[in-house]
Amino acid sequence: TIPNLKVTKKIGQYFYAQNYLQDYNWNNVTILIVEDDDHSFSFLKEILKKTYANVIRAKSALSAIDICKSNLNIDIVMMDIRLPEMDGYEATMQIKKIRKSLPVIAQTAYAMAGDKEKSILAGCDDYIAKPIDINKLLPKINQFLARKPDPAQHDRKKEEIDTLYLLVHVLISL
């Protein structure tokens, strides 16, 4: 199930509002979309293409877990809840055991009362119901990407720690 927005542009069989894109430039961002439905994946991929993000797909929860184990470049996960073999709740719990700080946004077409709370309890960082409103989805993703540590800041911290270690070592040897 895909957005029920005012039609201004068509992507395949889905429609979206053209004004949804702000200045999202996520060219150094990798998004894992866990989605077994081809149409839903195509829709999300097409929308995210305009943000320059690198998009990876997992068709199953087990595949998503394996990808999160092996690819440390994943910055955020879009997790469908209804998946074959294992649901998105269980997959999120497994992913969070491996990568606790990796943001996971739950998405489901079968939104019912309590789904958001159930998603949060399973370890998801946020929740969005299908049909997905692009004007809510992209800012939601951006909110989590804004929390992503700056690699340059990490390098500075490492340099500071190395300097302190060297200083302590010199002081001890005196």
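For the structure itself, look to the data block above.
Residues numbered from 1 in each chain as written. Predicted model: local features only at pLDDT ≥ 70, side-chain atom pairs only at ≥ 80, totals over all residues. Heavy atoms only, no water.

A.B. asks: It is not clear to me how the side chain of S119 should be interpreted in this structure. Could you clarify?
C.D. replies: Note on placement: S119 falls in helix 4 (residues 115-121). Setting aside residues up to four positions removed in sequence, S119 forms contacts with I81, Y89, A106, C124 and Y127. (Helix = DSSP H or I, 4+ residues; strand = E, 2+ residues; numbered from the N terminus. Contact = heavy atoms within 4.5 Å.)

A.B. asks: What is the right way to read the sheet that holds strand 4 (residues 54-58) from this model?
C.D. replies: As a general point, the strands of a sheet are linked pairwise by backbone hydrogen bonds and lie either parallel or antiparallel. Taken in spatial order, the 5 strands of this open sheet run 4-3-5-6-7, and their pairing is parallel. Edge positions in the sheet fall to strand 4 and strand 7 (126-129), since each of these pairs with one other strand and no more. Direction aside, neighbouring strands of the sheet carry axes that sit 20° apart on average. Summarising the sheet, strand 3 (residues 30-34) and strand 4 pair through 5 bridges and their orientation is parallel. Within the sheet, the bridge partner assigned to V34 lies in strand 4 and is A58. (Pairing = 2+ DSSP bridges. Axes fitted to C-alpha atoms, helices over the stretch in contact; angles between N-to-C directions.)

A.B. asks: What am I meant to see in the nonpolar core here?
C.D. replies: For soluble globular proteins, the rule of thumb is that nonpolar side chains tend to be buried together. If you look at the biggest cluster of nonpolar residues, it comprises 24 residues, and the most contacted ones within it are L32, V34, I74, V77, M79 and I95. The set of elements that each furnish at least two residues to this core consists of strand 3, strand 4, helix 2 (61-70), strand 5 (76-80), helix 3 (88-98) and strand 6 (104-108). Counting residues per element, this core draws most heavily on helix 2, which supplies 5 residues. Setting aside anything within four residues of it in sequence, one finds M79 in contact with V34, G88, A91, T92, I95, V104, I105, A106 and Q107. In terms of nonpolar packing, the next biggest core, distinct from the first, is built from 23 residues, I33, I47, L48 and L145 among them. (Core = buried A, V, L, I, M, F, W, Y, C linked by side-chain atoms within 4.5 Å. Buried < 20%, exposed > 50% of the residue type's maximum accessible area, 1.4 Å probe, protein only.)

A.B. asks: Would you mind showing me how to read the environment of K97 here?
C.D. replies: Turning to its location among the elements, K97 is positioned in helix 3. Take K97: its relative accessible area is 66%, and that puts it in the exposed class. Between the C-alpha atoms of K97 and G123, which are 26 residues apart in sequence, the distance is 9.7 Å.

A.B. asks: Is there a simple way to explain helix 1 (residues 38-49) in this structure?
C.D. replies: For an α-helix the count is 3.6 residues per turn, leaving residues at separations of three or four pointing the same way. Here helix 1 is 12 residues long and its end C-alpha atoms lie 16 Å apart, about the 16 Å a rise of 1.5 Å per residue gives. Residues S40, F41, F43, L44, I47 and L48 constitute the buried set of helix 1. Burial along helix 1 is one-sided: seen end-on, the buried residues are contained in an arc of 160°. (Expected span 1.5 Å × (residues − 1). Arc of directions from axis to C-beta.)

A.B. asks: Can you help me understand the pairing of strand 6 in this one?
C.D. replies: Every other side chain in a regular strand lies on the same face of the sheet, so the side chains alternate between the two faces. Along strand 6, 5 of the 5 residues are buried, which leaves the element largely enclosed by surrounding structure. Sheet analysis places strand 5 next to strand 6, joined by 4 bridges and oriented parallel. Considered in strand 6, the bridge of V77 is made with V104.

A.B. asks: I would appreciate a short explanation of the side chain of D80 in the present structure.
C.D. replies: Relative to the elements of secondary structure, D80 occurs in strand 5. Discounting chain neighbours no more than four positions away, the residues touching D80 are V34, E35, D36, G88, Q107, T108 and K130.

A.B. asks: Where do I start with helix 5 (residues 134-145) in this structure?
C.D. replies: Between its terminal C-alpha atoms helix 5 stretches 16 Å, which fits the 16 Å expected from 12 residues at 1.5 Å a residue. The set of residues buried in helix 5 consists of I134, L137, L138, K140, I141, F144 and L145. One side of helix 5 carries all its buried residues, which in axial view fall inside an arc of 160°. The N-cap of helix 5, judged by a side-chain oxygen 2.9 Å from the amide nitrogen of N135 a few residues on, is D133. (Polar contact = N/O pair within 3.5 Å; in protein donor to acceptor, adjacent residues only side chain to side chain.)

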